[in-house]
Amino acid sequence: NTIGVIFDLDGVIVDTAKYHYLAWKKLADALGFEFTEANNELLKGVSRVRSLEILLGIGKVTVSETEKQKMLISKNEDYLGYITKMNANEILPGAEKLLNTLDALGIHYVLGSASKNAELILKQVNLYHRFYGIVDGNDVSKAKPDPEVFLIGAKKLNLSPEKCIVFEDAIAGVEAANIAGMTSVGIGDKETLKAADFNFNNLTEIPEDFFSKFSI
Ligand code: BG6
Ligand code: MG
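A quick note: this is a predicted structure, and the numbers were derived from the prediction, not measured. (Residues numbered from 1 in each chain as written. Chains lettered and ligands numbered in written order. Predicted model: local features only at pLDDT ≥ 70, side-chain atom pairs only at ≥ 80, totals over all residues. Heavy atoms only, no water.)

Caption draft 1: The coordination of the magnesium ion (ligand 2), seen in detail. The coordination sphere of the magnesium ion (ligand 2), as far as protein atoms go, consists of Asp8 (OD), Asp10 (O) and Asp169 (OD), spread over 2.0 to 2.1 Å. If you list the donors of the magnesium ion (ligand 2) from N- to C-terminus, the spacing comes out as D-x1-D-x158-D. Assigned by exposure class, aspartate 8 and aspartate 10 land together as buried. (Donors = N, O, S within 2.8 Å, 3.2 Å for Na, K, Ca; no water. Buried < 20%, exposed > 50% of the residue type's maximum accessible area, 1.4 Å probe, protein only.)

Caption draft 2: Highlighting the environment of alanine 177. As for its position among the elements, alanine 177 is in helix H8 (residues 171-180). In sequence terms alanine 177 and aspartate 197 are 20 residues apart; their C-alpha atoms lie 9.9 Å from each other. Excluding anything up to four places from it in sequence, alanine 177 contacts Phe150, Val166, Met182 and Ser184. (Helix = DSSP H or I, 4+ residues; strand = E, 2+ residues; numbered from the N terminus. Contact = heavy atoms within 4.5 Å.)

Caption draft 3: Here's a closer look at the nonpolar core. Counting residues in each nonpolar core, the largest one holds 37 residues, and the members touching the most others are Val5, Phe7, Phe131, Phe167 and Phe211. When residues of this core are traced back to their parent elements, those giving at least two are strand S1 (4-7), helix H1 (17-31), helix H4 (65-83), helix H5 (95-105), strand S2 (108-112), helix H6 (118-124), strand S4 (164-168) and strand S5 (183-187). For this core, the element with the highest residue contribution is H5, accounting for 4 residues. In this structure, Trp24, Phe35, Leu52 and Leu55 belong to the second largest nonpolar core, which totals 15 residues. (Core = buried A, V, L, I, M, F, W, Y, C linked by side-chain atoms within 4.5 Å.)

Caption draft 4: Quick look at H5. Every buried residue belonging to H5 is among Ala95, Leu98, Leu99, Thr101 and Leu102, and all of these are buried. Viewed along the axis of H5, the buried residues span an arc of 155°, placing them on a single side of the element. Facing away from the buried side of H5 by over 90 degrees, the exposed positions are Lys97 and Ala104. Residues of H5 that are buried in the fold lie against S1, S2 and S4. Note on H5: the residue one or two positions beyond its end, glycine 106, has a positive phi of about 70°. (Arc of directions from axis to C-beta.)

Caption draft 5: Region of interest: the site of ligand 1. Around ligand 1, a shell composed of 15 residues is seen, among which Asp10, Arg48, Ser115, Lys116 and Asn117 lie nearest. The separation between an oxygen atom of ligand 1 and a polar main-chain atom of leucine 43 is 3.3 Å. A distance of 2.7 Å separates an oxygen atom of ligand 1 from a polar backbone atom of glycine 45. A per-class count over the shell around ligand 1 returns 4 nonpolar, 7 polar and 4 charged. (Near = heavy atom within 4 Å. Polar contact = N/O pair within 3.5 Å; in protein donor to acceptor, adjacent residues only side chain to side chain. Nonpolar A, V, L, I, M, F, W, Y, C, P; charged D, E, K, R; others polar.)

Caption draft 6: Representation of the packing of aromatic side chains. Applying the stated criterion across every chain, the model contains 13 aromatic pairs. Look at phenylalanine 7 and phenylalanine 131: their rings are 6.3 Å apart centre to centre, the planes differ by 85°, and that puts the pair in the edge-to-face class. On the criterion of sequence distance, the pair formed by phenylalanine 7 in strand S1 and phenylalanine 131 in the loop between H6 and strand S3 (133-135) is long-range, its members being 124 residues apart. Each of the two residues, phenylalanine 7 as well as phenylalanine 131, counts as buried. Between phenylalanine 198 and phenylalanine 214, the ring centres sit 6.1 Å apart and the planes meet at 70°, which makes this aromatic pair edge-to-face. With phenylalanine 198 in strand S6 (residues 198-200) and phenylalanine 214 in the segment after S6, this pair connects stretches of sequence that are 16 residues apart. Grouping aromatic residues by their ring pairs yields a cluster made of Phe7, Tyr109, Phe131, Phe167, Phe198, Phe200, Phe210, Phe211 and Phe214. Taking the ring centre of tyrosine 128 as reference, the NZ or CZ of lysine 123 above it sits at 4.5 Å. (Phe/Tyr/Trp six-rings, centres within 6.5 Å; stacked < 30°, edge-to-face > 60°. Lys NZ or Arg CZ within 6 Å of the ring centre and 35° of its normal.)

Have a look at this one:
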């Protein structure tokens, strides 16, 4: 096929953004500062380590490297507590239908996620086997908005970046797709994701013929 799709995971395929938020909020509570859902937008799409740095910045808290490592471990333990209970009911509306459409069109799709838990999550919701390839937080050294994760995805698809369409819910992810020279589709608040080439509130809004505007 001449085009391919790269999916972000958290907040696009599955509703894990709320679990990340709860786990980070627990840490912020313990450190004694407020961490709002608006603050949380800044952490979306961003690597675990970078998320912690942003969080500590919001709380104006300085901690040692050892402390940071402990925080990363305990945040992930809390997060794992949520995701190990996940099942296919937590696949976001419209996601499976979209994958079915792509399958029918013969368009390959890969995952392009910042998460080191991506494989576990996809297996929990029984979608792992459907992806043509997986690129996640274990494969990259530079976090979104660096385009690395999506450029590796394009390689897996064996396509040049301009033939790739990226579905993203995060500001950092839309930016990464744009920097990579790919078509960016923002899933979520249009104002927040105004840098995207296309915007939809959720995957159910994607028109049946969406992919026909790209040369197949
Ligand atoms: C991204 C999420 O997909 O993965 C971020 O949007 C998260 O919020 C990042 O920090 C890293 O995830 P994990 O599972 O490796 O901690
Ligand atoms: Mg996301």
